[in-house]
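Next come the chains, spelled out residue by residue.
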Amino acid sequence: MPRIAFLLLLLGLLTACDDTPKHSPERATAATAMPADPALAQVYDSSCKLCHANPASGAPLTADRAAWSPRIAQGVDTLLDHSINGYNGMPPMGMCMQCSEEQFVALIGFMAGVQIQQ
């Protein structure tokens, strides 16, 4: 009888393990999204994507409107300040030392999925 109990326990543990990846649509989009403008796409790929397409970074993911919504509500001035001066885990200039304010606004709008007016 102990063998049967052990086998049932083992079977229960194995069926509890579900290694099927659970990816949200935002996660999948963040991994593949790129701005349509080639110059902006290059900046995004070399500066923003490292964090904004990586769920482990803690940064709001590209195309995750729910994560970006409260940030967008703070206004463009606050978003620019955080981008330029750094905020929490975001480094100053967001790893894009050559970016202009206009590029930051365009990149934030792309990642948030909204049009931002400066």
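Remember, it's a predicted structure, so these values are computed and weren't measured experimentally.

Draft legend 1. Representation of the packing of aromatic side chains within the structure. Here the structure, examined in full by the defined rule, presents 1 aromatic pair. Each ring, one from tyrosine 44 and one from phenylalanine 110, has its centre 5.1 Å from the other, and the planes form 80 degrees; the classification is edge-to-face. With tyrosine 44 in helix α3 (residues 38-52) and phenylalanine 110 in helix α6 (residues 101-112), this pair connects stretches of sequence that are 66 residues apart. Classification of tyrosine 44 by relative accessible area gives buried; the value is 0%.

Draft legend 2. Representation of the state of the cysteines in the model. Scanning the entire structure with this criterion turns up 1 disulfide. Paired through a disulfide, cysteine 96 and cysteine 99 show a sulfur-sulfur distance of 1.9 Å. Because the torsion about its S-S bond is 80 degrees, the bridge between cysteine 96 and cysteine 99 counts as right-handed. Between cysteine 51, a free cysteine, and cysteine 48, which holds the nearest cysteine sulfur, the sulfur-to-sulfur gap is 9.0 Å. With relative accessibility at 27%, the residue cysteine 51 sits in the partly exposed group.

Draft legend 3. Region of interest: the nonpolar core. Core analysis: the biggest nonpolar cluster contains 21 residues, and Tyr44, Cys99, Leu107, Met111 and Ile116 have the highest contact counts within it. Contributing elements (two or more residues each) for this core: α3, α5 (76-85) and α6. Residue contributions to this core peak at 6 residues, all from α6. Those residues in contact with methionine 111 that sit more than four places away from it in its chain are Tyr44, Cys48, His52, Leu61, Thr62, Ala63, Asp64 and Trp68.

Draft legend 4. Highlighting the layout of surface pockets. Counted as a void, the largest pocket has a volume near 560 Å³. Lining the largest pocket are 27 residues; nearest its centre among them are His52, Ala59, Pro60, Tyr87 and Met90. Tallied by class, the residues present in the lining of the largest pocket amount to 16 nonpolar, 10 polar and 1 charged.

Draft legend 5. Summary view of the confidence of the model for the protein chain. Averaged over every residue, the pLDDT of the protein chain is 83; the share at 70 or more is 76%. Below pLDDT 50 for its whole length, residues 5-22 participates in 1 contact with residues either more than four positions away or in separate chains.

Draft legend 6. Geometry of the packing of α5 against α6. At a minimum axis distance of 10 Å, the contact between α5 and α6 shows a crossing angle of 105 degrees. With respect to α6, the element α5 is oriented roughly perpendicular. Taking contact as the criterion, the partners of Val76, Leu79, Leu80, Ser83 and Ile84 in α5 are, on α6, Glu101, Phe104, Val105 and Ile108.

What counts and what doesn't
- Here, residues in each chain are numbered from 1, in the same order as that chain's written sequence.
- Selection of residues for local features in this predicted model requires a pLDDT of at least 70, selection of side-chain atom pairs for listing and counting requires 80 or more, and totals for whole chains, interfaces and linings are taken over all residues.
- Side-chain numbers come from the whole structure's heavy atoms, not from hydrogens or water.
- Only Phe, Tyr and Trp rings are paired, with Trp represented by its six-membered ring, and only when their centres lie within 6.5 Å; those with planes under 30 degrees apart are stacked, over 60 edge-to-face, the remainder tilted.
- The way it works is that DSSP assigns letters per residue, a run of H or I at least four long becomes a helix, a run of E at least two long becomes a strand, and they are numbered from the N terminus.
- We call a residue buried when its accessible area falls under 20% of the maximum for its residue type, exposed when it is over 50%, and partly exposed in between, using a 1.4 Å probe and counting protein chains only.
- Throughout, a disulfide means two cysteine sulfur atoms within 2.5 Å of one another.
- Buried Ala, Val, Leu, Ile, Met, Phe, Trp, Tyr and Cys residues that are joined via side-chain atoms within 4.5 Å together make up what is termed a nonpolar core.
- Note on contacts: a residue pair qualifies if any of its non-hydrogen atoms lie within 4.5 Å across the two residues.
- Points on a 1 Å grid, built from protein atoms alone, make a cavity when a 1.4 Å probe fits but cannot get out and make a pocket when they are open with protein on both sides within 12 Å along at least 5 of 7 lines; residues with an atom within 4 Å of a point are the lining residues.
- Grid points are joined across faces, edges and corners, and a volume is the space filled by probe spheres set on the points.
- Residues were grouped as follows: Ala, Val, Leu, Ile, Met, Phe, Trp, Tyr, Cys and Pro as nonpolar; Asp, Glu, Lys and Arg as charged; and all remaining residues, including Gly, as polar.
- The predictor rates its confidence in each residue with pLDDT, a number between 0 and 100.
- Only the stretch in contact is used when fitting a helix axis, every axis being a line fitted to C-alpha atoms; angles between N-to-C directions are given from 0 to 180 degrees.
- Angle categories are assigned with fixed cut-offs, so that under 35 degrees is roughly parallel, over 145 is roughly antiparallel, 65 to 115 is roughly perpendicular, and the rest are oblique.

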